[in-house]
Amino acid sequence: MYDQIIDKDNKESALSVSKGKANPVVVNNNLKVVKRKELSIDDYVEGIKQGNRTILSRAITLIESSRYEHSLLAQKVIEKCLPYSGNSVRLGITGVPGVGKSTFIEALGKMLTNDGHKIAVLAIDPSSMKSKGSILGDKTRMEELSQDKNAFIRPSPSAGSLGGVARKTREIIILCEAAGFDTIIVETVGVGQSEVLAHSMVDFFLLLQLANAGDELQGIKRGIMEMADAIAVNKAEGNMKEISELAASSYRNALHLFPMNENGWMPRVYTCSAYTKDGIKEIWQGVEDFVNMTKQNGYFYKNRNEQNLRILDESIKQSLLDNFYNNEQIKKQIEVAKDDILDNRTSAYIIAQNLIDNYYKSL
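Participant: Got a sec to walk through the overall build of the protein chain? Specific residues and values, please.
Facilitator: Counting its secondary structure elements, the protein chain contains 15 helices and 7 strands. Within the protein chain, the proportion of its 363 residues that are buried is 41%. Accessible surface, the protein chain: about 21600 Å² in total, of which carbon and sulfur atoms supply 52%.

Participant: Got a sec to walk through the pairing of strand S7 (residues 268-271)? Specific residues and values, please.
Facilitator: As judged from the 4 bridges shared by strand S6 (residues 230-234) and S7, these two strands associate in the parallel manner. Bridge pairing in S7 links Ala-232 to Tyr-270. In this region the chain leaves S6, passes through helix H11 (residues 241-255) and returns to the parallel neighbour S7; the handedness of that crossover is right-handed.

Participant: Kindly report on the confidence of the model for the protein chain, identifying the contributing residues and their values.
Facilitator: Low-confidence regions, as indicated by low pLDDT, have predicted coordinates that should not be scrutinised in detail. Of all residues in the protein chain, 78% have pLDDT values of 70 or greater, and the mean over the chain is 83. Within the protein chain, the lowest mean pLDDT, 48, falls on helix H1 (residues 2-5), and the highest, 97, falls on helix H12 (residues 280-297). The low-confidence segment residues 215-219 (pLDDT under 50) makes 7 contacts with residues lying over four places distant or belonging to another chain.

Participant: How would you explain unusual backbone geometry if you had to name every residue and give the values?
Facilitator: Keep in mind that most residues, glycine aside, have a negative phi and that most peptide bonds are trans. Phi at Lys-277 is positive, roughly 75 degrees, even though this residue is not glycine. Structurally, Lys-277 is set in the loop between S7 and H12.

Participant: Can you explain the pattern of salt bridges? Please cite residues and give values.
Facilitator: What the rule picks out here adds up to 15 salt bridges. The closest approach of N and O atoms between Arg-170 and Glu-314, which form a salt bridge, is 2.8 Å. Of the two residues, Arg-170 sits in helix H8 (residues 162-178) while Glu-314 sits in helix H13 (residues 299-326), which places them 144 residues apart along the sequence. Judged by its relative accessible area of 7%, Arg-170 falls in the buried class. Among the ionic contacts, a cluster of salt bridges with common partners joins Asp-340, Asp-343 and Arg-345.

Participant: Which residues make up the packing of aromatic side chains, and what are the values?
Facilitator: Going through the model one piece at a time under the given rule, you end up with 7 aromatic pairs. Relative to Phe-290, the ring of Phe-204 has its centre 5.1 Å away and its plane inclined at 80 degrees; by these criteria the two rings are edge-to-face. Here Phe-204, found in strand S5 (residues 204-210), pairs with Phe-290, found in helix H12; they are 86 residues apart in sequence, far enough to count as distant. For the pair Phe-204 and Phe-290, one class covers both residues: buried. The class of Phe-290 is buried, set by a relative accessible area of 2%. Following the ring pairs from residue to residue traces out a cluster consisting of Phe-324, Tyr-325, Tyr-359 and Tyr-360. Its end group placed over the ring of Phe-181, Lys-118 keeps NZ or CZ at 5.0 Å from the ring centre. Lying across the ring of Phe-300, Lys-295 places its NZ or CZ 5.0 Å from the centre.

Participant: Account for the side chain of Arg-58, naming residues and giving values.
Facilitator: Relative to the helices and strands, Arg-58 is located in helix H3 (residues 53-64). One buried charged residue, Arg-58, forms no salt bridge at all, with the nearest opposite charge on Glu-38 at 5.2 Å. Other than its neighbours up to four places away in sequence, Arg-58 contacts Arg-36, Lys-37, Glu-38, Leu-39 and Tyr-44.

Participant: Tell me about the pairing of S6, and name the residues and values.
Facilitator: Across a regular strand the side chains alternate sides, sitting on one face of the sheet and then on the other. In terms of burial, S6 is largely enclosed, as 5 of its 5 residues are buried. Neither face of S6 is open: one carries Ala-230, Ala-232 and Asn-234, the other Ile-231 and Val-233, and all of them are buried. Relative to S6, S5 runs parallel, the two sharing 5 bridges. By the bridge assignment, Leu-207 is partnered in S6 with Ile-231.

Participant: Please provide a residue-by-residue account of the side chain of Thr-188, values included.
Facilitator: Following the sequence through the fold, Thr-188 ends up in the loop between strand S4 (183-187) and helix H9 (193-199). Within polar-contact distance, the side chain of Thr-188 engages the side chain of Thr-94 at 2.8 Å.

Participant: Go over the packing of helix H2 (residues 41-49) against H3, please, and point to the residues and values.
Facilitator: Across the interface, H2 lies against H3 with an axial gap of 8 Å and an inter-helix angle of 125 degrees. Considering the angle they form, H2 stands oblique to H3. Judged by the twist between their axes, the crossing of H2 over H3 is left-handed. Contacts between H2 and H3 involve Asp-43, Tyr-44, Gly-47 and Ile-48 from the former and Ile-55, Leu-56, Arg-58, Ala-59 and Leu-62 from the latter. Residue composition of the contact of H2 with H3, by class: 6 nonpolar, 1 polar and 2 charged.

Calculation criteria
- Residues numbered from 1 in each chain as written.
- Predicted model: local features only at pLDDT ≥ 70, side-chain atom pairs only at ≥ 80, totals over all residues.
- Heavy atoms only, no water.
- Helix = DSSP H or I, 4+ residues; strand = E, 2+ residues; numbered from the N terminus.
- Buried < 20%, exposed > 50% of the residue type's maximum accessible area, 1.4 Å probe, protein only.
- Areas by Shrake-Rupley, 256 points an atom, 1.4 Å probe, with all protein chains shown as cover.
- Pairing = 2+ DSSP bridges.
- Right-handed = clockwise from strand over helix to strand, strands pointing away.
- pLDDT = per-residue confidence, 0-100.
- Contact = heavy atoms within 4.5 Å.
- Salt bridge = Lys/Arg side-chain N within 4 Å of Asp/Glu carboxyl O.
- Phe/Tyr/Trp six-rings, centres within 6.5 Å; stacked < 30°, edge-to-face > 60°.
- Lys NZ or Arg CZ within 6 Å of the ring centre and 35° of its normal.
- Lys, Arg positive; Asp, Glu negative; His and termini not counted.
- Polar contact = N/O pair within 3.5 Å; in protein donor to acceptor, adjacent residues only side chain to side chain.
- Axes fitted to C-alpha atoms, helices over the stretch in contact; angles between N-to-C directions.
- Parallel < 35°, antiparallel > 145°, perpendicular 65-115°, else oblique.
- Left-handed = near helix turned anticlockwise from the far one by under 90°.
- Nonpolar A, V, L, I, M, F, W, Y, C, P; charged D, E, K, R; others polar.

Here it is in structure tokens:
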């Protein structure tokens, strides 16, 4: 049918078909695959101390890796970086999705880098429970800050394990401090259990809120307000400025009902706009006031020590879990036990206790 329409022999016809040309060969035989150089422990440590971003990123990748040999190498690097860490202000920032955390961090970060600070932003990115993947889009949302030579942004996937993220984030903080960053900002996934974990690894905890998003005091949990060292009502610009001031007043009244914190600090409430940059300087001044006060009364160092002891406790628990699930005999017994549970032949609680007993017998 088509042969009747197209005149193949008549080259002047608009319906004629040209033969075309063969695709050119695109393989360049002169190109050589260059394998990336394996770094030693000293290479990692020296590179981090010199502020080499590439080596710092590779070291963080080791920490995030699930491979056993990578974990061993990462721990040795962390151990050698420890003497050069601890000289930073660790700031945790949280708030419900849409509150403007990324925009706020970029505004704060640019102000700090313009004042000569070096900042590292560690953003915990939620992973999909289905695909296990993460968008890791914080560098896209903080486009201006990501191009700043005095800023380092590293999003980390939560991979469904907030405990794992907390442990790895603490280790990444050590590397960033050894690399010379004097301000570490930890951004969490949102209001929930991640806030408790973030609070356990920072010096100052900032809660971002929105005005006119429902009952101001019902919109957040009391526990999170008790953890906050400051509350900032964001997006206080235009016709929302007055409403934001009313919301801030409500938070101040609520905070007065809480018992005094152990550190002797009375949490402050601010209004700010990450878009217009209003209030950002005042919030940072509050952070500096907190650090100065808690260093004078000794709470700053006491809190750091308690965090280190908590790391010891969590590391022991994680090590026991890893050893249990990597035991070859236990792996086989778990597979058999799953069938018994699915067929309702025995209780999951009994099987769990039997597996633990068998594990200790195999040691």
